[in-house]
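Coordinate analysis (summary)
Chain residues, written in single-letter form:
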Amino acid sequence: MSALTLAYRFAPRRRRNGLQEQREELLLPGTVQVIHPDVTAAEAIEDLKALPRGMYVLFMVMAPVMGLVFALRGPRAFLDEDLVVEDLPSTLRAEMMADNPLEHALTDRRDRRLLDALGEIHAERGDEPIRVAVVYGAGHVPAIVSGLRDRYGYRPREAEWLTVLIPA
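Residues numbered from 1 in each chain as written. Predicted model: local features only at pLDDT ≥ 70, side-chain atom pairs only at ≥ 80, totals over all residues. Heavy atoms only, no water.

**Overview of the overall build of the chain**
Inclusion rule: Runs of H or I in DSSP of at least four residues are treated as helices and runs of E of at least two as strands, each being numbered from the N terminus. The buried label goes to any residue with under 20% of its type's maximum accessible area, the exposed label to any with over 50%, and the partly exposed label to all in between, with areas taken from a 1.4 Å probe on protein chains only. We call two residues in contact when some of their heavy atoms are within 4.5 Å. Here, Shrake-Rupley sampling with a 1.4 Å probe gives the accessible areas, and only protein chains in the shown set may cover a residue.
Scanning the chain for helices and strands turns up eight helices and zero strands. Each helix and strand of the chain, placed in order from N terminus to C terminus, yields the pattern α-α-α-α-α-α-α-α. By the burial criterion, 23% of the 168 residues in the chain qualify as buried. When contacts within the chain are restricted to residue pairs at least 6 apart in sequence, long-range pairs at least 24 apart make up 71% of them. Element-wise, carbon and sulfur atoms account for 56% of the exposed surface of the chain, whose accessible area totals about 12500 Å².

**As for the pattern of salt bridges**
Stated precisely, the cut-off is as follows: The term salt bridge refers to a pairing of a side-chain nitrogen on Lys or Arg with a carboxyl oxygen on Asp or Glu at a separation within 4 Å.
Tallied over the entire structure, the rule returns eight salt bridges. When the shortest N-O distance is used, the salt bridge between Arg110 and Asp38 registers 2.8 Å. Of this pair, Arg110 sits in helix H7 (residues 101-125) while Asp38 sits in the loop between helix H2 (24-27) and helix H3 (41-49), and the two are 72 residues apart along the sequence. With its nearest N and O atoms 3.0 Å apart, the salt bridge here joins Arg125 to Glu128.

**Focus: helix H8 (residues 141-152)**
Put simply, the test is: Expected span of a helix, by definition, is 1.5 Å for each gap between consecutive residues, and there is one gap fewer than residues. When we speak of the arc, we mean the arc of directions from the helix axis to the C-beta atoms.
In a regular helix each residue adds 1.5 Å, so twelve residues correspond to 16 Å; H8 covers 16 Å between its end C-alpha atoms and thus fits that length. Residues of H8 that are buried: Ile144, Gly147 and Leu148. Taken end-on, H8 shows its buried residues confined to a sector of 95°, consistent with a single buried face. Along H8, exposed side chains directed more than 90 degrees from the buried face belong to Pro142 and Asp150. In the core, the buried residues of H8 are packed alongside H7. Positive phi shows up at Gly153, right after H8, with a value of about 75°.

**What to know about the packing of H3 against helix H4 (residues 53-73)**
Relative placement of two packed helices is described by the angle separating their axes and the distance separating the axes. Selection criterion: All axes here are fitted lines through C-alpha atoms, helices being fitted over the stretch that makes contact, and every angle between N-to-C directions spans 0 to 180 degrees. In what follows, roughly perpendicular refers to angles from 65 to 115 degrees, roughly parallel to angles under 35, roughly antiparallel to angles over 145, and oblique to any angle outside these ranges.
It is at 9 Å that the axes of H3 and H4 come closest, and there the two elements cross at 140°. Taken together, the axes of H3 and H4 are oblique relative to one another. Packed against H3, whose contacting residues are Ile45, Leu48 and Lys49, the element H4 presents Tyr56, Phe59 and Met60 at the interface.

**Structural notes on the side chain of Arg109**
To be explicit about the condition: Any pair of nitrogen or oxygen atoms within 3.5 Å is treated as a polar contact; in protein, a donor-acceptor pairing is required on top of that, and neighbouring residues in sequence qualify only through side-chain atoms on both sides.
Among the secondary structure elements, Arg109 is positioned in helix H7. One polar contact links Arg109 to Glu46, side chain to side chain, over a distance of 3.1 Å. For Arg109, the residues in contact, after removing those within four places along its chain, are Val39, Glu43, Glu46 and Asp47.

**Considerations on the environment of Ser146**
Mapped onto the elements, Ser146 comes out in helix H8. Looking at Ser146, the relative accessible area reads 24%, which means it is partly exposed.

Shown next, in the form of structure tokens:
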């Protein structure tokens with residue numbers, strides 16, 4: 001897991017990878033409150049250990065290799081054919097990953113953590129007309145939309161998509 005997360009930090013520094021480094025101080029006014037509802041490495045590993053043993057071992061063997069490839073080649077090595085914004089999976093790989101146990105292990109707790117943070121904002125400021133930016137990948141959007149609908153009756157009215165993986 002360390003190699004994989006290190007790759008996410010290292011990859012934007014290599015211009016040819018086509019990633020834009022997201023630095024909050026450059027993107028947001030200093031008065032904007034920023035929260036980071038995320039899982040720890042220990043929590044991520046705990047979720048991965050709940051996978052079938054063979055899948056867990058395979059992932060743990062492949063993670064450093066994937067991290068190295070990501071750091072050297074950038075996101076296109078894994079994501080090019082799936083970089084679309086659609087309601088339904090549009091590629092065979094996206095369809096296969098849509099209900100994959102590995103995908104759930106990597107995202108479910110993170111999605112719950114984000115929904116809990118949004119719930120705190122709702123409790124504190126739900127009677128005010130405010131805007132909240134959620135800077136998570138598009139793969140998390142279905143869980144966010146359904147979670148906010150189920151918990152608070154929210155319905156999407158508008159959205160703005162920003163490209164954070166920019167091809168070189």
